[in-house]
Amino acid sequence: METEDTVPEDLETAFRERYQSSPSHLARAPGRVNLIGEHIDYAGLPVFPMALQREVRIAFRPRDDSLVLAATTDPSYAPCHFEISPRIEPYDDGDWGNYLKAAAQGMAAAYGIERGFDAVIDSTVPVAAGLSSSSAMVIATALAAAGSNGLEPDPIELAELMAEAEQYVGTRGGGMDQAISAGARAGCAARVEFTPLRIAAVPVPTDWRFVVAHSLVQAHKSGGAREGYNRRRAETEEALARVVGYLELPASDVLSYRDLLERVSGSEAMDVAEERLEGDLLKRFRHVVTENERVVRAEVAMRSGSLDAFGMLMNGSHASLAADYQVSIPELDELVGIARDAGAVGARLTGAGMGGCIVALAPEGTVNRVVEGLADGFYSGREWGGSLEDHMFVAEPSEGASVGRM
Ligand code: NG1
């Protein structure tokens, strides 16, 4: 992922003003939209995201000491500085600088790096939108740390390290976001599998369009969304442990849903769950098992160009996330409904939910109708800042992260 690059002019100017020198490198890492396979990466099951044209960019210059000095082009984020080491004290909960510290600490622990860097960061990935701005920040920072220390880590190795490292901020996330941000191929979505991490690129048919639309409700991982996320994960694990117990499988061999579904079929697992679990635990279990099946079928649908089949699976995913995983909100349901009414063949919430975005699929010839339908039906009656493209855009399947010398 080492490339020759030019630093965008605005970033170069901001860097010069702050450090009175030019940046020597640029690291970039994309956000992602998850097409299907929601809340199952931490169950060890495959997911199906694609990287976006929206990305985090870091203009940087290695230093002679271990300090990291970082500022962003967005004045609402205060500059920060800290020393790279395998044990870095976090800032207060919710501070953006913790994503930099997460990556720096992870890189120092894995590679023993000691050299820091001066950095100016900008991002076009909407924050708290379920588009993985946090992992894009972590991957870009890891590449800046690598580039400052003469390292060129393999994307898969980097993604695995950073999935672990990002837990520093307090979310017990899975590894999907770091994997797709580090390892995506332009023009492709990807099947991401875990333990060990593997990424298989799947070309997106050239006449398929994925529209991303924000609910205007932020899902901050530093706030209630983190609690909701971690609780879902704990419930999912509890449901698994119970089913494993009822099936009298050795608990030490069946640590994930993947382990379970390698031993019994999805329908056998569901039969036991329906008999033995109830309430939220049954719902969480059913979501994980059925979403896993949808991912398998969605990959087949994309490879064979079956747009309608892919769309129906997205609809099924949304229904399951709303009813069984209970991570939708009225605004997400409304967006999904408007997109479908305007001609999308499928639509679902994407990312962790509880706010954030939907993704809708439409053929090339219908996409403008979907975009207009959402503009009229959802955004025209609401308050939002910036331009509409900040909140709704057509996703372009983009290349994974890279770092380049100027
Ligand atoms: P987002 O959408 O960025 O909040 C989170 C997790 C993913 C995955 C999804 C739900 C992190 C960094 N990311 O993503 O691993 O579990 O939720 O599918 O925690």
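Shown above is the structure to which this text applies.
A quick note: this is a predicted structure, and the numbers were derived from the prediction, not measured.

Summarise the overall build of the protein chain; cite the residues concerned and give the values.
A tally of helices and strands in the protein chain yields 12 helices and 13 strands. Computed over its C-alpha atoms, the radius of gyration of the protein chain comes to 21 Å, within 12% of the 22 Å expected for a compact globule of 406 residues. For the C-alpha atoms alone, the extent of the protein chain along its principal axes is close to 65 × 55 × 35 Å. Residues classed as buried in the protein chain amount to 56% of the 406 residues present. Here the contacts in the protein chain between residues at least 6 apart in sequence split such that 74% fall between residues at least 24 apart. Looking at the protein chain as shown, the accessible area adds up to about 16300 Å², and 47% of this sits on carbon and sulfur atoms. In the protein chain, 36 positive and 61 negative side-chain charges are present, and the distance between their average locations comes to 2 Å.

Tell me about the pattern of salt bridges, residues and numbers included.
Where charged atoms of side chains with opposite charge meet at close range, the side chains can pair. For the structure shown, the criterion picks out 21 salt bridges. Where glutamate 38 meets arginine 348, a salt bridge forms, and the shortest distance between an N and an O atom there is 2.6 Å. A residue pair is termed long-range when its members are at least 10 positions apart, and glutamate 38 in the loop between strand E2 (25-36) and strand E3 (48-62) and arginine 348 in strand E10 (residues 346-350) qualify at 310 residues. Owing to a relative accessible area of 2%, glutamate 38 belongs among the buried residues under this scheme.

Tell me what's going on with the pairing of strand E6 (residues 117-123), and back it up with residues and numbers.
Taking burial as the measure, the 7 residues of E6 include 6 buried ones, the bulk of the element. As defined by bridge partners, E3 adjoins E6 across 7 bridges and the pair is classed as antiparallel. Residue pairing in the sheet places arginine 57 in a bridge with aspartate 122 of E6.

So what's going on with the sheet that holds strand E12 (residues 392-395)? Residues and values would help.
With respect to topology, 4 strands assemble into an open sheet ordered E10-E11-E9-E12, the strand pairing being antiparallel. Edge strands, defined here as strands with exactly one partner in the open sheet, are E10 and E12. If you compare each strand with its neighbour and ignore which way they point, the axes differ by 25 degrees on average. Pairing between E10 and strand E11 (residues 357-363): 5 bridges, direction antiparallel.

Give a detailed account of the nonpolar core, specifying residues and quantitative values.
In terms of nonpolar packing, the biggest core is built from 130 residues, with Leu35, Phe210, Phe285, Met302, Phe310 and Leu374 touching the most fellow members. Here the element with the most residues in this core is helix H3 (residues 133-148); it accounts for 10 residues. Excluding residues within four positions of it along the chain, phenylalanine 285 makes contact with Ala239, Leu240, Val243, Tyr257, Leu260, Ala269, Met270, Ala273 and Leu277. Listed in part, the 7 residues of the second largest apolar core include Leu11, Tyr19, Ala59 and Val120.

Describe the packing of helix H6 (residues 224-246) against helix H9 (residues 279-303), and please don't skip the residues or the numbers.
Direction vectors running N to C along H6 and H9 enclose 90 degrees, while the axes themselves pass 9 Å from each other. In this view, H6 runs roughly perpendicular relative to H9, as classed from their interaxial angle. Facing Arg232, Glu235, Thr236, Glu238, Ala239, Leu240, Arg242 and Val243 of H6, the residues of H9 in contact are Leu281, Arg284, Phe285 and Val288. Here the contact of H6 with H9 is built from residues that sort into 6 nonpolar, 1 polar and 5 charged.

Tell me about helix H12 (residues 367-379), and please be specific about residues and values.
With 13 residues, H12 ought to run about 18 Å at 1.5 Å a step, and its terminal C-alpha atoms sit 17 Å apart, in line with that. Within the span of H12, buried status applies to Val367, Val370, Gly373, Leu374, Ala375, Phe378 and Tyr379. Elements in contact with the buried residues of H12: strand E9 (208-214), helix H11 (330-341), E11 and E12.

Can you explain the side chain of arginine 348? Please cite residues and give values.
Overall, arginine 348 belongs to the buried group, its relative accessible area being 0%. A distance of 2.6 Å separates the side chain of arginine 348 from the side chain of glutamate 38, its partner in a polar contact. A polar side-chain atom of arginine 348 sits 3.0 Å from a polar atom in the side chain of serine 317.

A description of the packing of H9 against helix H10 (residues 307-323) should follow, citing residues and the corresponding values.
Between H9 and H10, the shortest axis-to-axis distance is 9 Å and the interhelical angle comes to 165 degrees. Here H9 lies roughly antiparallel to H10, going by the angle between them. Considering how the two elements wind past one another, H9 and H10 form a crossing that is left-handed. On H10, the residues touching Lys283, His287, Thr290, Glu291, Arg294, Arg297, Ala298, Ala301 and Met302 of H9 are Ala309, Phe310, Leu313, Gly316, Ser317, Ser320, Leu321 and Ala323. Each residue belonging to the contact of H9 with H10 can be placed in one class, and the counts come to 8 nonpolar, 5 polar and 4 charged.

Report on the environment of isoleucine 199, specifying residues and quantitative values.
Along the polypeptide, isoleucine 199 turns up in strand E8 (residues 198-203). The partly exposed category is assigned to isoleucine 199, whose relative accessible area is 24%. The spatial distance from the C-alpha of isoleucine 199 to the C-alpha of glycine 400 is 12 Å, given a sequence separation of 201 residues. Look past the residues within four positions of isoleucine 199 in its chain and what remains in contact with it is Ile156, Ala179, Gly183, Ala190 and Arg191.

Explain the environment of proline 153 residue by residue, including any values.
By the element assignment, proline 153 lies in the loop between H3 and helix H4 (155-165). Sequence separation of proline 153 and arginine 284 is 131 residues, and the distance between their C-alpha atoms is 36 Å.

Now, about the packing of aromatic side chains: what can you tell me, with residues and values included?
Applying the stated criterion across every chain yields a total of 11 aromatic pairs. Here the aromatic residues Phe48, Trp208, Phe210 and Phe310 are joined through ring pairs into a cluster of three or more. One residue, arginine 54, lies across the ring of phenylalanine 393, its end atom 4.1 Å from the ring centre. Positioned above the aromatic ring of tyrosine 325 is the side chain of arginine 284, whose terminal nitrogen or guanidinium carbon lies 5.9 Å from the ring centre.

Reading the values: the criteria
- Residues numbered from 1 in each chain as written.
- Predicted model: local features only at pLDDT ≥ 70, side-chain atom pairs only at ≥ 80, totals over all residues.
- Heavy atoms only, no water.
- Helix = DSSP H or I, 4+ residues; strand = E, 2+ residues; numbered from the N terminus.
- Rg over C-alpha atoms; globule rule 2.2 N^0.38 Å.
- Buried < 20%, exposed > 50% of the residue type's maximum accessible area, 1.4 Å probe, protein only.
- Contact = heavy atoms within 4.5 Å.
- Areas by Shrake-Rupley, 256 points an atom, 1.4 Å probe, with all protein chains shown as cover.
- Lys, Arg positive; Asp, Glu negative; His and termini not counted.
- Charge placed at Lys NZ, Arg CZ, Asp CG, Glu CD.
- Salt bridge = Lys/Arg side-chain N within 4 Å of Asp/Glu carboxyl O.
- Pairing = 2+ DSSP bridges.
- Axes fitted to C-alpha atoms, helices over the stretch in contact; angles between N-to-C directions.
- Core = buried A, V, L, I, M, F, W, Y, C linked by side-chain atoms within 4.5 Å.
- Parallel < 35°, antiparallel > 145°, perpendicular 65-115°, else oblique.
- Nonpolar A, V, L, I, M, F, W, Y, C, P; charged D, E, K, R; others polar.
- Expected span 1.5 Å × (residues − 1).
- Polar contact = N/O pair within 3.5 Å; in protein donor to acceptor, adjacent residues only side chain to side chain.
- Left-handed = near helix turned anticlockwise from the far one by under 90°.
- Phe/Tyr/Trp six-rings, centres within 6.5 Å; stacked < 30°, edge-to-face > 60°.
- Lys NZ or Arg CZ within 6 Å of the ring centre and 35° of its normal.

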